[in-house]
Amino acid sequence: MTADDLRSREDGLGWVTRAVFGDQRITLTVDAPVPAGHTVVARYAVVPSVDRARFLLPLGSSRATAAALLAYNALRPVKVRAVRAALGVAARAGVVARAPFPVLSVAVPAALDPAEVLLAERLSTELGGGRAYAACGVRPPDPNHKPTLQLFDHSGTPRGYAKIGWNDATRALVTAEAAALREVAEVAGVAGHPATPRLLAETNWAGQAVALVEPLPTGVRGVPVDAPPELAALLAVARRGRPPATPRPLAGSSFLDRLTAQAQRAAETDPAGARAVAAVAELARRHGDVAVEFGHWHGDWVPWNLGRHAGELVAWDWEHSGPDVPVGFDLAHDAFQRSLVLRGEPAATAAEQVRQWLDRYGDRLGLDPARRRLVADAYLIEMWLRTWRLADAGAGWNPALHPALLDVIEKRQ
């Protein structure tokens, strides 16, 4: 890799091109001829510039270029939506292809099958063949984020979305989402359960975990960030179309066993883990005799992962999904994240929002006061352990949650 190769950059463009075009047999040039004996297999507009790149937009089909900007624009914030809409209209008219944006050419040796080295070509094969135009957003490198390829056909019709897990943390998330989507597909059509994109393919590519997911319905609209919680859907996710499970005591549950084991592993890798061990022990002491219903959870149930289409709720981003947690965890998470992320409030305020929502809505999930306290305390520990898992896998600590969330947990005891 040479110094002028985009993949050597330390910014978001370098991060994305290393993930998408990592094979060194691929040659990347910007506004320059490709080496002799090489064939250009894809071209991208780097928008707005190499140093301030935000998009890699596919060239060769104005409809695909426009679709990369316009697809699911209704799910984005208003300001982002306006910029994308203006660019999308220009792209549809062919203006983007003629605009003075830098052009990234992707070339491979003439004798090499592009499908051997290009992820987009491999994914096109998984989709049944035919030319696929891949678009990719560019953001600052973050060990917890995943590059995502949006795949379109020549007409601009979405064909699939591919998440790329490139380090231990993101590989685990991509693998978990693929498993969750396979399981959720078995309850498709169950009354009350949200619609969910299908898993189209899962593959390992150059040491990366890749999940190819069905596009969302084209007319999907986002759920307002101040909408009330979707309680019936939460229960449907928790029960997977089955009748309510018989409540079981926290003590002796596989859930408590998992928390205990993970806290102990955290203590082996980080000094803060000892505080988590103590928190789990206190959870068992205070709530061990409380019987609660256990079930599945989406794991990241928040308005920005939900939408509506044809009157039906749609849910995506299942990478934190899992079984055997107290019913009510998704409600707690919704409350916590709206406070922490949307309103920028500290962890203590977000934890108080969890308590308020459980008190307000918990009875509709079968949660009496004792169960509500259990769900709140257990959820906060679960969230800290998630934070530790991501940090331990290379994603770094979330400063909004560590060590603040441990402080909150200890004050509740």
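So, a few notes on the structure that sits alongside this text. Note that the coordinates shown come from a computational prediction; the quantities given were computed from them, not determined experimentally.

1. Re the overall build of the protein
Move 1: When its secondary structure is counted, the protein shows 13 helices and 16 strands.
Move 2: At 23 Å, the protein has a C-alpha radius of gyration in line with the 22 Å of a compact globule built from 413 residues.
Move 3: Principal axes of the C-alpha set define a box for the protein whose edges measure 75 × 50 × 35 Å.
Move 4: Scored against the burial criterion, the 413 residues of the protein give a buried share of 53%.
Move 5: At a minimum sequence separation of 6, the contacts of the protein that also span at least 24 residues come to 69%.
Move 6: Of the accessible surface of the protein, which amounts to about 17,800 Å², a share of 54% is contributed by carbon and sulfur atoms.

2. As for the pairing of strand E3 (residues 55–58)
One face of the sheet, then the other: side chains in a regular strand alternate in exactly this way.
Move 1: Burial along E3 is two-sided: the face carrying Phe55 and Leu57 and the face carrying Leu56 and Pro58 are both buried.
Move 2: Across four bridges, strand E2 (residues 38–47) lies against E3 in antiparallel orientation. Counted as the bridge partner of Val46 is Leu56 from E3.

3. Focus: the pattern of salt bridges
Move 1: One pass over the structure, following the stated rule, counts 29 salt bridges.
Move 2: Note that Arg285 is salt-bridged to Glu282, the shortest N-O span being 2.6 Å. In this pair, Arg285 and Glu282 are both assigned in helix H9 (residues 273–287), three residues apart and thus about one turn of the helix distant.
Move 3: A network of salt bridges, in which partner residues are shared, links Lys146, Lys163, Glu177, Asp317 and Glu319.

4. Some details on the packing of helix H11 (residues 347–361) against helix H12 (residues 369–395)
Move 1: Orientation of H11 relative to H12, taken along the N-to-C sense of each, is 150°, at an axis distance of 10 Å. Regarding the angle of H11 to H12, the classification is roughly antiparallel. The two elements H11 and H12 cross, and the hand of that crossing is right-handed. Facing Ala351, Val354, Leu358 and Asp359 of H11, the residues of H12 in contact are Arg372, Val375, Ala376, Tyr379 and Leu380.
Move 2: The class makeup of the residues in the contact of H11 with H12 is seven nonpolar, no polar and two charged.

5. Comments concerning H11
Think of an α-helix as turning once every 3.6 residues; residues three or four places apart then point the same way.
Move 1: Taking 1.5 Å per residue as the helical rise, H11 with its 15 residues ought to reach 21 Å, and the 21 Å between its terminal C-alpha atoms agrees with that figure.
Move 2: Every buried residue of H11 is accounted for by Ala347, Ala350, Ala351, Gln353, Val354, Trp357, Leu358 and Tyr361. The buried residues of H11 all sit within an arc of 155° when viewed along its axis, so they share a single face.
Move 3: At its buried positions, H11 is contacted by helix H7 (231–239), helix H10 (329–342), H12 and helix H13 (404–412).

6. Focus on the side chain of Arg159
Move 1: Along the chain, the position of Arg159 falls in strand E7 (residues 158–165).
Move 2: For the buried Arg159, which has no salt bridge, the nearest side chain bearing the opposite charge is Asp153, at an N-O separation of 5.3 Å.
Move 3: With residues near it in sequence (within four places) discarded, Arg159 still touches Ser124, Leu127, Gly128, Gly129, Gly130, Arg131, Ala132, Leu151, Phe152, Asp153, Leu200 and Pro215.

7. Some details on unusual backbone geometry
Move 1: Looking along the chain, the bond that leaves Val47 and enters Pro48 is cis, with omega of 0°.
Move 2: Residue placement: Pro48 occurs in the loop between E2 and E3.
Move 3: In this chain, His402 is followed by Pro403 through a cis amide linkage whose omega measures 5°.
Move 4: With respect to the element layout, Pro403 can be found in the loop between H12 and H13.
Move 5: Positive phi values are uncommon outside glycine, yet Asp31 reaches one of about 50°.
Move 6: With respect to the element layout, Asp31 can be found in the loop between strand E1 (27–30) and E2.
Move 7: Exposure remark for Asp31: the relative accessible area of 56% places this residue in the exposed category.
Move 8: We note that Ala206 has phi near 55°; this positive angle belongs to a residue other than glycine.

8. Concerning the environment of Gly192
Move 1: Note on placement: Gly192 falls in the loop between helix H6 (168–184) and strand E8 (199–205).
Move 2: When residues no more than four places from it in sequence are discounted, the contact partners of Gly192 are Ala232, Ala233 and Ala236.

9. A few points about the nonpolar core
Move 1: One finds Phe336, Tyr379, Trp384 and Leu405 to be the most contacted residues of the largest nonpolar core, which totals 71 residues.
Move 2: Element by element, the count of residues in this core is highest for H12, at 11 residues.
Move 3: One finds Trp15, Val16, Val108 and Leu118 within the second-largest nonpolar core, a separate group that totals 36 residues.

10. Focus on the sheet that holds strand E10 (residues 221–222)
Move 1: Across the sheet, three strands lie side by side as E10-E14-E15; this open sheet has antiparallel pairing. Looking along the sheet, the strands with just one partner apiece sit at the ends: E10 and strand E15 (312–315).
Move 2: Inspection of the sheet shows strand E14 (residues 306–309) paired to E15 by four bridges, in the antiparallel sense. Bridging from a neighbouring strand, Arg308 pairs with Leu313 of E15.

About the thresholds
- Residues numbered from 1 in each chain as written.
- Predicted model: local features only at pLDDT ≥ 70, side-chain atom pairs only at ≥ 80, totals over all residues.
- Heavy atoms only, no water.
- Helix = DSSP H or I, 4+ residues; strand = E, 2+ residues; numbered from the N terminus.
- Rg over C-alpha atoms; globule rule 2.2 N^0.38 Å.
- Buried < 20%, exposed > 50% of the residue type's maximum accessible area, 1.4 Å probe, protein only.
- Contact = heavy atoms within 4.5 Å.
- Areas by Shrake-Rupley, 256 points an atom, 1.4 Å probe, with all protein chains shown as cover.
- Pairing = 2+ DSSP bridges.
- Salt bridge = Lys/Arg side-chain N within 4 Å of Asp/Glu carboxyl O.
- Axes fitted to C-alpha atoms, helices over the stretch in contact; angles between N-to-C directions.
- Parallel < 35°, antiparallel > 145°, perpendicular 65-115°, else oblique.
- Left-handed = near helix turned anticlockwise from the far one by under 90°.
- Nonpolar A, V, L, I, M, F, W, Y, C, P; charged D, E, K, R; others polar.
- Expected span 1.5 Å × (residues − 1).
- Arc of directions from axis to C-beta.
- Lys, Arg positive; Asp, Glu negative; His and termini not counted.
- Core = buried A, V, L, I, M, F, W, Y, C linked by side-chain atoms within 4.5 Å.

By themselves, these are just geometric observations and shouldn't be taken as functional.
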